[in-house]
Amino acid sequence: MVNMAIKQLVSYGVKNNLLSEDDVIYTINTLLDIMKLDSYEDVEETFSIETPEQLEEVLKILLDDAVARGVIEEDSVVLRDLFDTRLMNALMPRPSQVIKEFNERYKKSPREATNYYYKLSKASDYIRTYRVKKDSKWVTETEYGDIDITINLSKPEKDPKMIALAKAMPATAYPKCLLCAENEGYAGRINHPARQNHRIIPIEVNGKPWGFQYSPYVYYNEHCIVFNKEHTPMSICHDTFCKLFDFVDQFPHYFLGSNADLPIVGGSILSHDHFQGGNYEFAMAKAKVETQLIFKAYEDIDAGLVKWPMSVIRLSSPSRDRLIELSDKILDTWREYTDEASYIYANTNGEPHNTITPIVRKRDDRFEIDLVLRNNITTEEHPMGLYHPWEEYHHIKKENIGLIEVMGLAVLPARLKDDIEEIKNAILRNEDISNNEKLKEHAAWVNQIMRKHTLINKDNVSEILQEEIGIAFKEILECAGVYKRTEEGKKAFLKFIDTVNER
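None of these values were measured; they are calculated from a predicted model. Counting starts from 1 at the beginning of each chain's written sequence and moves along it residue by residue. It should be noted that, the model being predicted, local features are given only for residues of pLDDT at least 70 and side-chain atom pairs only at 80 or more, the latter also being counted only at that level, while totals for whole chains, interfaces and linings use all residues. Excluding hydrogens and water, the side-chain values take into account all heavy atoms of the structure.

## Here we look at the overall build of the protein
Thinking step 1. Think of it this way: any DSSP run of H or I at least four residues long counts as a helix, any run of E at least two long counts as a strand, and we number them from the N terminus. A count of helical and extended segments in the protein gives 16 helices and 15 strands.
Thinking step 2. With C-alpha atoms as the basis for the radius of gyration, the globule rule is written as 2.2 Å multiplied by the number of residues raised to the power 0.38. Scaling as 2.2 N^0.38, a compact globule of 503 residues should have a C-alpha radius of gyration of about 23 Å, and the protein matches this with 25 Å.
Thinking step 3. Judged by the C-alpha coordinates and their principal axes, the protein covers about 75 × 60 × 45 Å.
Thinking step 4. The buried label goes to any residue with under 20% of its type's maximum accessible area, the exposed label to any with over 50%, and the partly exposed label to all in between, with areas taken from a 1.4 Å probe on protein chains only. Out of the 503 residues in the protein, the part that is buried amounts to 54%.
Thinking step 5. Taking the intrachain contacts of the protein between residues at least 6 apart in sequence as the baseline, contacts between residues at least 24 apart amount to 65%.
Thinking step 6. Per-residue and other accessible areas follow the Shrake-Rupley method at a 1.4 Å probe size, with only the shown protein chains counted as cover for residues. For the protein, the computed accessible surface area is about 23,100 Å², with 48% contributed by carbon and sulfur atoms. We call two residues in contact when some of their heavy atoms are within 4.5 Å.

## Some words on the packing of aromatic side chains
Thinking step 1. The aromatic pairing rule takes the rings of Phe, Tyr and Trp, using the six-membered ring of Trp, and pairs them if the centres are within 6.5 Å, calling planes under 30 degrees apart stacked, those over 60 edge-to-face and the rest tilted. Following the criterion strictly, the structure yields 27 aromatic pairs and no others.
Thinking step 2. Seen from their ring centres, Phe-102 and Tyr-117 are 6.0 Å apart, and the 80° between their planes marks the pair as edge-to-face. Placement of the pair is Phe-102 in helix 5 (residues 95-108) and Tyr-117 in helix 6 (residues 110-123), with a sequence separation of 15 residues.
Thinking step 3. Taking relative accessible area as the criterion, Phe-102 reaches 2% and is therefore assigned buried.
Thinking step 4. Since its relative accessible area comes to 1%, Tyr-117 is described here as buried.

## Observations concerning the side chain of Asn-16
Thinking step 1. Within the secondary structure, Asn-16 sits in the loop between helix 1 (2-15) and helix 2 (24-35).
Thinking step 2. What makes Asn-16 buried here is its relative accessible area of 11%.
Thinking step 3. Contacts of Asn-16, omitting those with residues within four sequence positions, involve Glu-50 and Ala-123.

## Section: the layout of surface pockets
Thinking step 1. Whether a set of points on the 1 Å grid over the protein atoms alone is a cavity depends on a 1.4 Å probe fitting there but being unable to get out, while an open set qualifies as a pocket with protein on both sides within 12 Å along at least five of seven lines; lining residues are those with an atom within 4 Å of a point. Grid points are joined across faces, edges and corners, and a volume is the space filled by probe spheres set on the points. Of the pockets and cavities examined, the second largest pocket occupies roughly 720 Å³.
Thinking step 2. Around the second largest pocket, the lining is made up of 28 residues, and of these Leu-18, Leu-91, Met-92, Pro-93 and Arg-94 lie nearest the centre.
Thinking step 3. Listed by contribution, the elements that provide at least two residues to the lining of the second largest pocket are helix 2, helix 4 (77-89), helix 5 and helix 6.
Thinking step 4. At five residues, the largest contribution of residues to the lining of the second largest pocket is made by helix 5.
Thinking step 5. In the scheme used here, Gly and all other residues not listed as nonpolar or charged are polar, with Ala, Val, Leu, Ile, Met, Phe, Trp, Tyr, Cys and Pro taken as nonpolar and Asp, Glu, Lys and Arg as charged. Considering only residue class, the lining of the second largest pocket consists of twelve nonpolar, nine polar and seven charged.

## Regarding the sheet that holds strand 8 (residues 289-293)
Thinking step 1. Whether two strands pair comes down to DSSP finding at least two bridges between them. One open sheet accounts for ten strands, arranged 3-4-5-7-6-13-14-10-9-8; its pairing is antiparallel. Each end of this open sheet is capped by a strand with a single partner; those strands are strand 3 (201-205) and strand 8. Looking at each pair of strands side by side, their axes are set apart by 25° on average, direction ignored.
Thinking step 2. For strand 8 and strand 9 (residues 302-306), the ladder comprises four bridges, and the chain directions are antiparallel. In the sheet register, Gln-292 faces strand 9, and the bridge partner there is Gly-304.
Thinking step 3. Its contacts with the sheet put helix 6 on strand 3 and strand 4 (208-214), and the angle it makes with strand 4 is roughly 55°.
Thinking step 4. Lying on the sheet, helix 9 (residues 238-250) is in contact with strand 3, strand 4, strand 5 (224-228), strand 6 (255-257), strand 7 (274-278), strand 13 (354-363) and strand 14 (366-375); it crosses strand 13 at an angle near 20°. Angular values range over 0 to 180 degrees, each being the angle between N-to-C directions of two axes fitted as lines to C-alpha atoms, with helices fitted over their stretch in contact.

## Re empty space enclosed by the protein
Thinking step 1. Enumeration according to the criterion identifies one cavity of 30 Å³ or more in this entry.
Thinking step 2. What lines the largest cavity is Phe-255, Tyr-280, Glu-281, Phe-282, Met-284, Ala-285, Ile-359, Arg-361 and Met-407.
Thinking step 3. Residue assignment for the lining of the largest cavity shows that the elements contributing at least two residues are helix 10 (283-286) and strand 13.
Thinking step 4. Looking at side-chain class alone, the lining of the largest cavity contains seven nonpolar, no polar and two charged residues.

## A short note on the nonpolar core
Thinking step 1. Nonpolar cores were defined as sets of buried Ala, Val, Leu, Ile, Met, Phe, Trp, Tyr and Cys residues, with membership established by side-chain atoms within 4.5 Å. Core analysis: the biggest nonpolar cluster contains 99 residues, and Phe-212, Phe-295, Ile-313, Leu-315, Ile-330, Tyr-483 and Phe-496 have the highest contact counts within it.
Thinking step 2. Sort the elements by how many residues they give to this core and helix 1 lands first, with seven residues.
Thinking step 3. Beyond its immediate stretch of four places on either side in the chain, Phe-496 contacts Ile-313, Ile-330, Thr-333, Trp-334, Tyr-337, Leu-373 and Tyr-483.
Thinking step 4. Residues Ile-151, Val-312, Ile-404 and Trp-445 belong to the second largest nonpolar core, which totals 50 residues.

## Regarding the side chain of Asn-197
Thinking step 1. Mapped onto the elements, Asn-197 comes out in the loop between helix 8 (160-168) and strand 3.
Thinking step 2. Relative accessible area serves as the criterion here: at 5%, Asn-197 is assigned to the buried category.
Thinking step 3. For the purposes of these results, a polar contact is taken to be a pair of N or O atoms within 3.5 Å, where, inside protein, one atom must be able to donate a hydrogen and its partner to accept one; residues adjacent in sequence count only when each atom of the pair is a side-chain atom. A polar atom in the side chain of Asn-197 sits 2.9 Å from the backbone oxygen of Ser-124.
Thinking step 4. Once residues lying within four places of it in the same chain are set aside, the contact partners of Asn-197 are Thr-85, Met-88, Asn-89, Met-92, Ser-124, Asp-125 and Tyr-126.

Right, dumping it as structure tokens:
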């Protein structure tokens with residue numbers, strides 16, 4: 001079985017252009033070394049694996065054997081992941097080879113270059129496609145468009161023993177974070193994922209060295225990360241806009257956006273300057289402008305307020321320089337803007353609150369930027385953030401509303417999958433879950449659903465729960481909007497636009 005698995009793995013590498021026939025013997029011996037085996041017997045393949053989705057079964061044979069012989073000390077997901085990344089790295093080309101191939105293909109077209117690199121990132125098992133496929137995904141229709149819902153199941157949960165071991169490990173500053181270039185080829189440790197099968201494409205963004213890679217969790221098609229080669233904090237400023245437009249100019253089939261640069265409304269990693277993009281059209285990108293705007297001295301720019309649960313200004317022009325100028329003006333005005341009647345404060349006790357989540361894309365010969373106004377102020381009633389998921393929605397999501405959610409894709413916690421199954425059964429049995437320790441946080445929401453849907457049965461309960469989760473996420477986005485979708489909210493939004501024009 002082990003000999004067969006090694007042969008299948010090497011054949012897979014050849015079929016997916018990770019290595020050539022000339023590399024086969026060398027690769028077999030490298031795998032034997034990793035597995036701590038002294039010999040190999042060539043066998044006839046009873047079946048071959050050709051796609052990344054088929055990798056899991058073959059790797060499992062090698063992992064099980066390594067556990068049985070003590071090569072892997074503990075049978076845990078964490079140690080298995082560290083080990084199988086070493087196995088896959090034996091099949092991988094050197095970074096310089098990947099970079100050369102990418103650049104050669106880029107000369108033909110940016111799309112051909114990214115197609116090659118995305119395929120490589122999946123074939124190498126850096127993107128574990130067999131895990132990503134386990135994510136629960138559906139679409140919910142709303143007045144704003146079709147919103148994507150995902151329950152993230154592709155990040156494996158650590159067992160308690162590994163968590164304890166990770167806490168006991170000495171602190172290290174290498175790599176400084178998960179986005180640093182030093183992750184390329186890193187063997188990993190219990191508290192840091194292995195990245196030996198990871199390859200980074202160096203690119204120049206706004207005259208500075210940056211890196212281009214894909215997210216290992218691909219929440220959407222060709223979900224990429226563009227990051228500063230230096231470990232420097234996130235910042236939304238003039239240079240941010242320049243970088244976003246520069247990248248989209250180089251890769252016009254991709255959008256690129258940035259998380260906000262303040263806690264609560266920012267992403268999970270504020271310590272390293274980075275953006276996220278990809279080849280996907282989110283609901284926000286499809287949403288139409290519902291109110292046209294004119295900015296003084298920028299009449300050549302098409303501008304408007306977008307029909308979206310959050311507060312979005314859309315600008316469009318063939319000139320990226322003009323869009324950057326106006327974006328600067330809007331950002332500078334928003335940083336200093338206070339409207340007490342709308343409970344928008346630029347700062348309190350010296351702490352800044354206003355920032356922007358920007359997203360840039362290209363449509364034919366025009367550039368387009370969406371500027372999403374953000375504010376991270378907290379109140380006694382909403383200690384985690386006034387423009388953050390409110391407490392009544394924390395049973396669905398209490399994490400920050402970052403760039404991906406802003407654009408209309410809910411990334412919901414894995415715990416929801418099991419909760420939904422148990423809630424289904426409780427609804428069908430007409431059980432009260434208010435005394436159920438695990439499910440009681442959902443009780444008010446479930447009662448509301450049962451009042452709303454009087455005919456719930458085993459044929460429609462799953463669809464109803466998915467729809468209601470989607471509606472809850474839409475309302476969470478409305479919570480995060482600094483200007484509410486009311487007449488008063490729109491007047492307040494237009495008041496801010498007037499302030500921009502007065503500068």
